[in-house]
Amino acid sequence: MTSVLVASDWHLSPASPPAHARLALEFLALARAEGARAILNGDVFDELFFGRTLAEAAHPAVVRAVDALAAEGRLARTRGNHDPSAGDERTVVDVPGTGPVLVTHGHQVDPVARSPAGRLGDAISRRLGRTAAVRWAAHLAEEGARAAAGRAMVSAFRRRALAIVEREGFALGVFGHVHVAHAARGDRYANAGSLRGGVLEFLELGPGGVRLRTIHARAEALQGSASRSR
């Protein structure tokens, strides 16, 4: 079996810096060059704030690269809370030396996302998310929640995710959603991390187990993105 590369939480949209699209394309090109299968594990395009059409139209080269790998049977997508039309809720891969691996975004086990307040916030974002003020308010609320809960929120998410893995008999569960990458030998929970700043985090599943990998943007790409955002 070839390796499986899992990435999540790119949140590509018209508001994304150009460096993010370049990093996404580098990941997809890497999967092709290594002969690997790719799984995009939710929140790849930000449909929640911009709608699918606008989010994808802002990154046509990424869409073409995704579609090309998918047409070859080498790419699958699962849906996240920001891209509910992306695909199935979960996919399962059998990794030699590891066993059955569950790949799912994981927002289903986020107590905040499933709460009435969380559902209301998502509804407002879907309706008014193209407004910069609404996106900024949502960003501040999310960052505030992360700052307040910190490690406790990630720990709670991990416990809930592990409960699914153990209850359903998977050898490993690969999640996203919390934007905190994690891979450790012997741990049945892993997280593919995210795309932020100048770094794209992803996981490699193979005969040697699971390991965290990163792609870094070139300095000139970051400088170009910064100048365009001013």
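Refer to the preceding data block for the structure.
The text that follows walks through the structure, step by step, so that each part is easy to find. The structure presented is a predicted model; accordingly, all values stated were derived computationally and were not measured.

This paragraph deals with the sheet that holds strand β6 (residues 172-175). Spatially, β4-β5-β6-β7 is the arrangement adopted by the four strands of the open sheet, whose pairing is mixed. Bordering the open sheet on either side are β4 (90-95) and β7 (189-191), each of which pairs with just one other strand. The average undirected angle you get between the axes of adjacent strands in this sheet is 25°.

A few words on the side chain of Glu 201. Among the structural elements, Glu 201 can be located in strand β9 (residues 199-206). One buried charged side chain, Glu 201, makes no salt bridge at all; its nearest oppositely charged neighbour is Arg 196, positioned 4.2 Å away. Here Glu 201 is in contact with Ala 7, Ala 181, Ala 192, Gly 193, Ser 194, Arg 196, Leu 212, Arg 213 and Thr 214, once residues within four sequence places are set aside.

Now for the pattern of salt bridges. Under the counting rule described, the total for this entry stands at 11 salt bridges. Residues Glu 72 and Arg 74 are paired through a salt bridge, measuring 3.2 Å at the closest nitrogen-oxygen approach. Among the residues examined, Arg 74 registers a relative accessible area of 19% and is labelled buried. It is possible to trace a salt-bridge network through shared partners that takes in Glu 34, Glu 204, Arg 211 and Arg 213.

This paragraph deals with the pairing of β9. Most of β9 is tucked away: seven of the eight residues are buried. Relative to β9, strand β1 (residues 4-7) runs antiparallel, the two sharing three bridges. Bridging from a neighbouring strand, Val 4 pairs with Leu 205 of β9. One ladder, built from two bridges, connects strand β8 (residues 195-196) with β9; its direction is antiparallel. If you follow Arg 196 over to β9, its bridge partner there is Val 199. Taking the residues that link successive antiparallel strands as the turn, the β8-β9 hairpin has two residues, and the phi of Gly 197 there is positive, at about 60°. Looking at chain direction, β9 and strand β10 (residues 209-216) are connected through eight bridges and run antiparallel. Counted as the bridge partner of Leu 200 is Ile 215 from β10. Hairpin connection from β9 to β10: two residues lie between these consecutive antiparallel strands.

Calculation notes
Residues numbered from 1 in each chain as written. Predicted model: local features only at pLDDT ≥ 70, side-chain atom pairs only at ≥ 80, totals over all residues. Heavy atoms only, no water. Pairing = 2+ DSSP bridges. Helix = DSSP H or I, 4+ residues; strand = E, 2+ residues; numbered from the N terminus. Axes fitted to C-alpha atoms, helices over the stretch in contact; angles between N-to-C directions. Buried < 20%, exposed > 50% of the residue type's maximum accessible area, 1.4 Å probe, protein only. Lys, Arg positive; Asp, Glu negative; His and termini not counted. Salt bridge = Lys/Arg side-chain N within 4 Å of Asp/Glu carboxyl O. Contact = heavy atoms within 4.5 Å.

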